[in-house]
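Secondary and tertiary structure notes
Chain by chain, the residues:
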Amino acid sequence: VCGLVIVGFSTPKQVTVLIDDSIQTTSTVYETTAFKVETFLDNHEIDYTYGQDLMDVDYEDPITDGLVIHITKEFNIDVTADGKTVQFATLPTTVRAALSEMGITVGQNDIVEPELDSQLAEDDHIVVKRVITKTETEKEKIDYDVVYKADNSISIGEMKVTQKGRSGVQKKTYEVTYVDGKKTEKNLVESKMIKKKRDKVISYGTKIQFGKPAGLQYERKITGVKAVSYYFSGNPVGSYGLPCEYG
């Protein structure tokens with residue numbers, strides 16, 4: 001008696017796998033006899049991690065000839081915000097979406113690098129810089145000047161302070177910008193004098209004293225003219241280099 005044994009076999013099917021790792025997409029063609037996606041992945045050791053990576057077919061889906069499977073790999077990025085740097089695992093997305101998923105709020109004036117609408121790739125580093133603008137005031141001392149004025153009530157050669165000096169105070173208002181707590185910009189928005197300065201006034205004499213010095217000898221008396229004499233301590237000399245004397 002002869003027995004006939006029939007061995008069944010499956011015709012190999014062609015499957016293309018596209019893997020996107022955020023930097024590049026690789027395409028590989030496989031010949032497989034697997035009936036389901038799960039078996040195909042295991043038999044060919046496809047780089048796919050369940051629960052992390054994204055795949056556009058299900059484990060239980062059948063393998064058909066010409067099937068194309070797209071796999072998107074999860075990758076890590078670094079995120080620095082509010083003085084801390086953490087590592088975050090994500091699928092390809094934008095900076096804005098990643099920050100939203102992490103619960104990081106971005107203020108209107110905050111600086112984000114890369115820009116919010118930039119696409120992320122593996123090993124990217126997002127930096128969020130907090131920007132705060134404050135109004136600050138400062139008081140600045142304004143020194144007084146010294147002014148000399150002629151005074152006909154004071155004799156020539158004499159001086160005296162006729163008005164004491166007083167410093168003024170100016171209030172300045174600035175708009176100051178801080179980035180992550182560091183001052184980066186300071187702009188003057190208002191300047192106001194809250195105490196005016198008062199100059200110091202020193203009066204010097206211009207009054208001419210008439211009279212005959214004691215012990216003065218003269219040969220001839222001339223009337224109808226005015227003569228001025230100056231006295232300085234020390235040994236002053238005139239324009240000709242001669243010593244100054246009464247006369």
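In this text, all values refer to a predicted model and were calculated from it rather than measured experimentally.

**Some details on the overall build of the chain**
Counting its secondary structure elements, the chain contains 2 helices and 14 strands. When burial is assessed residue by residue, the chain has 24% of its 247 residues classed as buried. Sequence separation of at least 24 residues holds for 56% of the intrachain contacts in the chain that already meet a minimum separation of 6. Per element, the accessible surface of the chain, about 18400 Å² overall, is 48% carbon and sulfur.

**Quick notes on the pattern of salt bridges**
Considering all chains together, one arrives at 12 salt bridges under this definition. Its salt-bridge partner being Asp-199, residue Lys-197 comes within 3.8 Å of it at the nearest N-O pair. Each of Asp-47, Asp-53 and Lys-73 takes part in a single network of salt bridges with overlapping partners.

**Notes on the packing of aromatic side chains**
Enumeration according to the criterion identifies 3 aromatic pairs in this entry. Centroid distance Tyr-30 to Phe-40: 5.6 Å. Interplanar angle 85°. Geometry classified as edge-to-face. With Tyr-30 in strand S2 (residues 25-32) and Phe-40 in helix H1 (residues 37-43), this pair connects stretches of sequence that are 10 residues apart. For Phe-40, a relative accessible area of 0% puts it in the buried group. Measuring from centroid to centroid gives 5.4 Å for Tyr-50 and Tyr-59, while their planes differ by 40°, and the two rings are tilted. Judged by relative accessible area, which is 27%, Tyr-59 ranks as partly exposed. Ring pairing ties together the aromatic residues Tyr-48, Tyr-50 and Tyr-59, which thus form one cluster. Lys-134 extends its terminal NZ or CZ atom over the ring of Tyr-178, reaching a point 5.3 Å from the ring centre.

**Looking at the environment of Ala-150**
As for its placement among the helices and strands, Ala-150 is situated in strand S10 (residues 146-155). For the pair Ala-150 and Ile-202, spaced 52 residues apart in sequence, the C-alpha separation works out to 8.7 Å. Those residues in contact with Ala-150, other than ones at most four positions away along the chain, are Tyr-204 and Thr-206.

**A word on the sheet that holds strand S4 (residues 67-72)**
Strand order across the open sheet formed by 4 strands is S2-S1-S4-S3, with mixed pairing between neighbours. Two strands lie at the open edges of the sheet, namely S2 and strand S3 (54-55), each paired on one side alone.

**Describing the nonpolar core**
Residues Val-17, Phe-40, Ile-46, Met-55, Ile-69 and Ile-71 are the most contacted members of the largest nonpolar core, which totals 16 residues. Among the secondary structure elements, those contributing two or more residues to this core are strand S1 (13-20), H1 and S4. Those residues within four positions of Phe-40 in sequence are excluded, and the remaining contacts are Val-15, Val-17, Tyr-30, Thr-32, Ala-34, Ile-46, Ile-63 and Ile-69. Listed in part, the 12 residues of the second largest apolar core include Val-79, Ala-81, Ile-126 and Val-128.

**Remarks on the environment of Lys-129**
As for its placement among the helices and strands, Lys-129 is situated in strand S8 (residues 125-129). Judged by relative accessible area, which is 27%, Lys-129 ranks as partly exposed. Along the primary structure Lys-129 and Thr-80 are separated by 49 residues, whereas in three dimensions their C-alpha atoms are 8.5 Å apart. Contacts of Lys-129, omitting those with residues within four sequence positions, involve Asp-110, Ile-111, Glu-113, Val-179 and Asp-180.

**A look at unusual backbone geometry**
A cis geometry characterises the amide bond from Glu-113 onward to Pro-114, with omega recorded as -5°. Tracing the backbone through its elements, the reader meets Pro-114 in the loop between strand S7 (111-113) and S8. Located in the positive-phi region is Ser-22, a residue other than glycine, with phi close to 85°. Relative to the elements of secondary structure, Ser-22 occurs in the loop between S1 and S2.

**Here's the deal with the confidence of the model for the chain**
Mean pLDDT over the chain: 88, with 81% of residues reaching 70 or higher. Mean pLDDT across the elements of the chain bottoms out in S10 (92) and peaks in S8 (98).

**As for the side chain of Lys-73**
By the secondary structure assignment, Lys-73 is in the loop between S4 and strand S5 (75-81). Here Asp-53 takes part through its side chain, which lies 2.5 Å from a polar atom of the side chain of Lys-73. Ignoring anything within four residues of it in the chain, the contact list for Lys-73 reads Ile-19, Asp-20, Asp-21, Asp-47, Tyr-48, Thr-49, Asp-53, Thr-90, Leu-91 and Pro-92.

What counts, and where the lines are drawn
- The written sequence of each chain sets the order in which its residues are numbered from 1.
- Only residues with pLDDT of at least 70 are given local features in this predicted model, and only at 80 or more are side-chain atom pairs given and counted; all residues enter the totals for whole chains, interfaces and linings.
- The basis for every side-chain value is the complete set of non-hydrogen atoms in the structure, without hydrogens or water.
- For helices the rule is a DSSP run of H or I covering at least 4 residues; for strands it is a run of E covering at least 2, with both sets numbered from the N terminus onward.
- Note on classification: 1.4 Å probe, protein chains only; a residue is buried when its accessible area is under 20% of the maximum for its type, exposed when over 50%, partly exposed between these limits.
- By definition, residues are in contact when any of their heavy atoms lie within 4.5 Å.
- Using the Shrake-Rupley algorithm and a 1.4 Å probe, accessible areas are obtained, with residue cover drawn only from the displayed protein chains.
- Any Lys or Arg side-chain nitrogen found within 4 Å of a carboxyl oxygen on Asp or Glu counts as a salt bridge.
- Planes of paired rings set the category: under 30 degrees apart is stacked, over 60 is edge-to-face and the rest tilted, where pairs are Phe, Tyr or Trp rings (Trp by its six-membered ring) whose centres lie within 6.5 Å.
- For a Lys NZ or an Arg CZ to count as sitting over a ring, it must be within 6 Å of the ring centre and within 35 degrees of the ring normal.
- Should DSSP find at least two bridges between two strands, the strands are taken to pair.
- By nonpolar core is meant a set of buried Ala, Val, Leu, Ile, Met, Phe, Trp, Tyr and Cys residues that side-chain atoms within 4.5 Å join together.
- As a per-residue quantity, pLDDT reports the predictor's confidence and falls between 0 and 100.
- Any pair of N or O atoms that falls within 3.5 Å is considered a polar contact. Within protein, one atom must be able to donate a hydrogen and the other to accept it, and sequence-neighbouring residues count only if both atoms are side-chain atoms.

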